[in-house]
Amino acid sequence: MKRLLWMILAVLCLPVCGFGGHLEPFKEVPIPKANPQTPAKIELGRKLFFDRRLSGDGTTNCGTCHDPQQGYSDGLEISLNYPTTRNWRNSPTLINVAFQKFLFHDGRAASLEDQALFPLMSAFEMNQNLDYMEEEIRAVPEYVTEFTKVFGDADITRDRVAMAIAAFERTIVSGDAPLDRYLKGDRNALSPEAVKGYGLFTGKGKCTECHFGVNLADDRFHALNVPENPEHLTDPRIAATRRFVAKVYHFKEFRTLAEDPGRFLITGERKDWKAFRTPTLREIAGTAPYMHNGISATLDEAIEFFNAGGGKGNTVLTPLQLTAEEKRQLKVFLEEGLTGAPMAFTYPKIP
Ligand code: HEC
Ligand code: HEC
């Protein structure tokens, strides 16, 4: 009787307690009511995304660190930076970013509109003064015309800049991967090796405990104890950036902080110490290196991390005991199953 009760409880709990979920085929990205997509707004956002005027010294644009030719990342362990500074985290891909409920590795922004102003103001990214940026854009006649067309008047504000950029970001999508066709019933969409990898991903590998849904991400944070990137210990500029961010988030011992506290910085809750958001795995073959600090150079290394049961002392993962063949099949699934058709892209002409 007691056992039956437990079983009923477990089944009821499954969808809410987070024991994982199912993979789902691609569906359209959600568009917020407050910022409807229009072709003119998307075009304006595309221009702003690639306009170097948006950085303080005119050397970088959003595409510098989220480069379409590098899977909308920059291919580096630790992302690029504003001159003389250094970044402290890996640049995440922007592919399918519209599905993310929390933005940044620690989830500190909740919408693309909010997020866009962070890198603009960040001392170690674009280091721009937003009042100045508004005047700079206002001084370009083409932009005045375009803002008027998109927003109804010529008022060029930081919020409208963010809205246009967000509209463009919502067009950076990868759907129609072999996995999507497979999930819709096309049994030949995946090669036999990839099908075995799919079985491991959803079975023995337990990956769907966290990587599920349309975007293969659970919108949650997990302390997997990913090892520190050694550069964090040796590069004083990274230390400066880490302490600066920690100070902004009222971390008391920011001066002696020697590692990335992850989600803890935002919530101050013990359970979030070194917890990071589950990233999407779509287009994963093209977005190396991996993890919030780029510590896994290849997919093999990332798979080995999970196979070993995660980082030292974590209480989330357990060793998987995958054979060499199973690890290979898992990789074939990630590379083949999650890569969609090549994403068309044309650079805009900056006014
Ligand atoms: C100098 C490099 C750099 C530049 C320039 C830059 N970013 Fe980023 N971007 C990053 C890094 C690094 C992160 C992760 C930071 C973190 O998690 O703390 C990030 C995170 C993001 C995210 C969150 C993605 C996710 O999956 O959570 C979005 C969206 C984004 N950037 C958009 C932009 C936009 C829009 C611009 C231009 C206004 C921009 N970025 C400019 C490096 C950069
Ligand atoms: C308990 C939740 C959880 C499970 C189970 C899990 N992952 Fe993850 N995965 C994460 C989190 C969280 C990250 C980000 C860690 C970080 O950035 O430090 C991640 C990162 C990754 C990355 C790097 C993605 C990137 O863009 O940097 C890959 C690849 C990956 N996981 C594959 C897998 C595979 C394959 C499995 C199954 C063998 C698996 N994961 C199981 C939560 C999980």
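Okay, so let's go over this structure. (Residues numbered from 1 in each chain as written. Chains lettered and ligands numbered in written order. Predicted model: local features only at pLDDT ≥ 70, side-chain atom pairs only at ≥ 80, totals over all residues. Heavy atoms only, no water.)

### Structural notes on the overall build of the protein
The line we're drawing: Secondary structure elements follow DSSP: runs of H or I no shorter than four residues count as helices, runs of E no shorter than two count as strands, and numbering proceeds from the N terminus. For the radius of gyration, the atom set is restricted to C-alpha positions; the globular benchmark scales as 2.2 Å times the number of residues to the power 0.38. Three exposure classes are used, based on accessible area relative to the maximum for each residue type with a 1.4 Å probe and protein chains only: buried under 20%, partly exposed in between, and exposed over 50%. For accessible areas, the Shrake-Rupley method is used with a probe of radius 1.4 Å. Any residue's cover is judged against the shown protein chains and nothing else.
Broken down by element type, the protein carries 15 helices and two strands. Radius of gyration (C-alpha) of the protein: 21 Å, near the 20 Å computed for a compact globule of 351 residues. The buried share of the protein, taken over its 351 residues, is 49%. If you sum the accessible surface of the protein, you get close to 17400 Å²; carbon and sulfur atoms cover 58% of it.

### Description of the site of ligand 1
Here is the rule: Only a single heavy atom is needed: when it lies within 4 Å of a molecule or strand, its residue is near that molecule or strand. Polar contacts, as used here, are pairs of N or O atoms within 3.5 Å; protein pairs need one atom able to donate a hydrogen and one able to accept it. Residues neighboring in sequence count only if both atoms are side-chain atoms. Under the grouping applied here, Gly and all other residues not named as nonpolar or charged are polar, the nonpolar ones being Ala, Val, Leu, Ile, Met, Phe, Trp, Tyr, Cys and Pro and the charged ones Asp, Glu, Lys and Arg.
Near ligand 1 there are 28 residues, and of these Cys62, Cys65, His66, Phe104 and Arg277 occur at the shortest range. Take Phe104: an N or O atom from its main chain is 2.6 Å from an oxygen atom of ligand 1. Gln115 places a polar side-chain atom, nitrogen or oxygen, 3.2 Å from a nitrogen atom of ligand 1. Listing elements by their share of the shell around ligand 1, those giving two or more residues are helix H3 (62–65), helix H4 (112–115), helix H5 (117–121) and helix H8 (158–169). Split by residue class, the shell around ligand 1 holds 14 nonpolar, nine polar and five charged.

### So, the coordination of the iron atom of ligand 2
Where we set the bar: Each metal site is built from N, O and S donor atoms within 2.8 Å (3.2 Å for Na, K and Ca), and since water is not included, such sites may look incomplete.
Protein coordination of the iron atom of ligand 2 is limited to a single donor, His211 (NE2), positioned at 2.1 Å. The residue His211 is located in the loop between helix H10 (192–202) and strand S1 (221–222) in this model.

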